[in-house]
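# Chain and residue survey
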Amino acid sequence: MTGNRISIVVPTRDRMELLRKTLACACAQSWQDIEIVVVDEASTDGTVAMLERDWPNVKVVRNATPRGPGAARNVGIAHSTGDWLFFWDDDELMHRDHLAELIKATLTAPAN
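Residues numbered from 1 in each chain as written. Predicted model: local features only at pLDDT ≥ 70, side-chain atom pairs only at ≥ 80, totals over all residues. Heavy atoms only, no water.

For the largest pocket, the calculated volume is near 160 Å³. Taken together, Pro 11, Thr 12, Arg 13, Arg 15, Glu 41, Pro 66, Gly 68, Pro 69, Arg 73, Asp 89 and Asp 90 make up the full set of residues lining the largest pocket. Looking at the lining of the largest pocket, the elements that each hand over two or more residues are strand 1 (6-12) and helix 3 (69-78). Grouping the amino acids of the lining of the largest pocket by side-chain chemistry returns 3 nonpolar, 2 polar and 6 charged. (1 Å grid on protein atoms, 1.4 Å probe; cavity = no way out; pocket = protein on both sides within 12 Å on 5 of 7 lines; lining within 4 Å. Points joined across faces, edges and corners; volume = space filled by probe spheres on them. Helix = DSSP H or I, 4+ residues; strand = E, 2+ residues; numbered from the N terminus. Nonpolar A, V, L, I, M, F, W, Y, C, P; charged D, E, K, R; others polar.)

So this is what it looks like as structure tokens:
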């Protein structure tokens, strides 16, 4: 393991307003070494335009046809550059220290 950059992979489809809240929460994390990869599953509600306009630092990958959340996560993995992967659904909100606490717990866990 070379570092502790976290790639947050978020699949979405036609849930623009929920996604907006999720991204605000992700960007507010106390752990700052992150990249956010949103995999859009052929949304028709303006999601891609909203992402381009309001979230320019978010990496957006667009599937031309919906393939489901598992396939979207796999696409997100392929476009991630972090040392760690975190799957975050487009309707989840988490406290500010969520990622920091996960990394701390992982790094301090005894090795088997």
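Here we take up the side chain of Gln 29. Topologically, Gln 29 is positioned in the loop between helix 1 (16-27) and strand 2 (34-41). A polar contact is formed between the side chain of Gln 29 and the backbone oxygen of His 95, at a distance of 3.0 Å. The contacts of Gln 29, once residues within four sequence positions are left out, are Trp 88, Met 94, His 95, Arg 96, Asp 97, His 98 and Leu 99. (Polar contact = N/O pair within 3.5 Å; in protein donor to acceptor, adjacent residues only side chain to side chain. Contact = heavy atoms within 4.5 Å.)

Before going further, it helps to spend a moment on the packing of aromatic side chains. Per the stated rule, a full pass over the model turns up 1 aromatic pair. With 5.5 Å between their ring centres and 85° between their planes, Phe 86 and Trp 88 make a pair best called edge-to-face. The class of Phe 86 is buried, set by a relative accessible area of 13%. Judged by its relative accessible area of 0%, Trp 88 falls in the buried class. (Phe/Tyr/Trp six-rings, centres within 6.5 Å; stacked < 30°, edge-to-face > 60°. Buried < 20%, exposed > 50% of the residue type's maximum accessible area, 1.4 Å probe, protein only.)

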